Amino acid sequence: MFGMTKMQFLKRSAKCMDETGGLLLLLKEVIDKEFQGKISKSEASKKLDIIRKEIESLFEEFEKLNPPSECNSLKRNILNILINMQEIVVTNYESLSSAKEDLKEQSQDKLNESREKLERFRKDFHDLTKRVNILLLEKKKGKA
């Protein structure tokens, strides 16, 4: 894609963060249900697969963007957020794999790890979302 304006990039960034937020809620729901024993391993695996594919799609779409050079660090931060989210999904998959192999302790450790990573991720995600929204708002005010 050819270069884009800062406003175009910020709008796309906000859209990406919004879609990532929806995936975050789905991922949190799956992990919470796993902790509560309210979801089967196969159902959790199916939902994680859907989330994983959506994250990959968002990443590929966002990676193609060509923002102004002043926005390169923001682009890297958003791509890093998507990578971190993917790592949580992988850790959760490892928990499910361990459960299938009847390694209950290892499975629980991986599930705990994915939950801890998710909590750290949520803070980073919300901070970055807030930053994108502030930049977008400032840019819109500058146009008015």
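See the structure printed just above.
This is a predicted model, so every value here is computed, not measured. (Residues numbered from 1 in each chain as written. Predicted model: local features only at pLDDT ≥ 70, side-chain atom pairs only at ≥ 80, totals over all residues. Heavy atoms only, no water.)

Peer 1: How should I be thinking about the nonpolar core in this particular structure?
Peer 2: A general trend in soluble globular proteins is that nonpolar side chains are found buried together. Ranked by size, the top nonpolar core spans 38 residues in total, and within it Leu 27 and Ile 78 carry the most contacts. Listed by contribution, the elements that provide at least two residues to this core are helix H1 (6-36), helix H2 (41-63), helix H3 (72-100) and helix H4 (104-143). With 11 residues, H1 is the single largest residue contributor to this core. If we skip the residues at most four places from it in the chain, Ile 78 touches Ser 13, Cys 16, Met 17, Phe 62, Leu 128 and Val 132. (Core = buried A, V, L, I, M, F, W, Y, C linked by side-chain atoms within 4.5 Å. Buried < 20%, exposed > 50% of the residue type's maximum accessible area, 1.4 Å probe, protein only. Helix = DSSP H or I, 4+ residues; strand = E, 2+ residues; numbered from the N terminus. Contact = heavy atoms within 4.5 Å.)

Peer 1: Help me out: how do you make sense of a positive patch on the surface in this one?
Peer 2: On the surface, a cluster of positive charge is contributed by Lys 11, Lys 139, Lys 140 and Lys 143. By the secondary structure assignment, Lys 143 is in helix H4. Judged by its relative accessible area of 64%, Lys 143 is exposed. (Patch = residues over 30% accessible without salt bridge, like charges linked within 9 Å, V, L, I, M, F, W, Y side chains within 5 Å. Areas by Shrake-Rupley, 256 points an atom, 1.4 Å probe, with all protein chains shown as cover. Salt bridge = Lys/Arg side-chain N within 4 Å of Asp/Glu carboxyl O. Lys, Arg positive; Asp, Glu negative; His and termini not counted. Charge placed at Lys NZ, Arg CZ, Asp CG, Glu CD.)

Peer 1: Can you help me understand the pattern of salt bridges in this one?
Peer 2: Think of it this way: side chains of opposite charge can pair up when their charged atoms draw near. Scanning all chains against the criterion turns up 14 salt bridges. In this structure, Glu 19 and Lys 15 form a salt bridge, with 3.0 Å as the shortest nitrogen-oxygen distance. Taken together, the residues span about one helical turn, with Glu 19 and Lys 15 both in helix H1 at a distance of 4 residues. The partly exposed category is assigned to Glu 19, whose relative accessible area is 31%.

Peer 1: Explain H4 to me, please; I cannot follow it from the model alone.
Peer 2: An α-helical turn contains 3.6 residues, so a residue and the one three or four places further along point in the same direction. For H4, which comprises 40 residues, the first-to-last C-alpha distance of 57 Å matches the rise-based estimate of 58 Å (1.5 Å per residue) to within 8%. Those residues of H4 not exposed but buried are Ser 107, Leu 111, Ser 114, Leu 118, Phe 121, Phe 125, Leu 128, Thr 129, Val 132 and Leu 136. Contacts made by the buried residues of H4 are with H1 and H3. (Expected span 1.5 Å × (residues − 1).)

Peer 1: I keep staring at the packing of H2 against H3 and nothing clicks. Help me out?
Peer 2: For any two helices packed against each other, one specifies the inter-axial angle together with the distance between the axes. H3 packs onto H2 with a crossing angle of 160° between their chain directions and a minimal axis gap of 10 Å. Judged on the interaxial angle alone, H3 and H2 are roughly antiparallel. Of the two possible hands of crossing, H2 and H3 adopt the one that is left-handed. Looking at the contact of H2 with H3 residue by residue, the classes come out as 16 nonpolar, 3 polar and 6 charged. (Axes fitted to C-alpha atoms, helices over the stretch in contact; angles between N-to-C directions. Parallel < 35°, antiparallel > 145°, perpendicular 65-115°, else oblique. Left-handed = near helix turned anticlockwise from the far one by under 90°. Nonpolar A, V, L, I, M, F, W, Y, C, P; charged D, E, K, R; others polar.)

Peer 1: Looking at this model, I keep getting lost on the packing of aromatic side chains. Mind explaining?
Peer 2: Any pair of aromatic rings gets described here by the distance separating the centres and the angle formed by the planes. Per the counting criterion, the structure on display carries 2 aromatic pairs. Aromatic pair Phe 9 and Phe 62: ring centres 5.6 Å apart, planes at 45°, arrangement tilted. Of this pair, Phe 9 sits in helix H1 while Phe 62 sits in helix H2, and the two are 53 residues apart along the sequence. In this pair, the class of Phe 9 matches that of Phe 62, namely buried. Taking the centre distance of 5.9 Å and the plane angle of 20° together, the rings of Phe 121 and Phe 125 count as stacked. (Phe/Tyr/Trp six-rings, centres within 6.5 Å; stacked < 30°, edge-to-face > 60°.)

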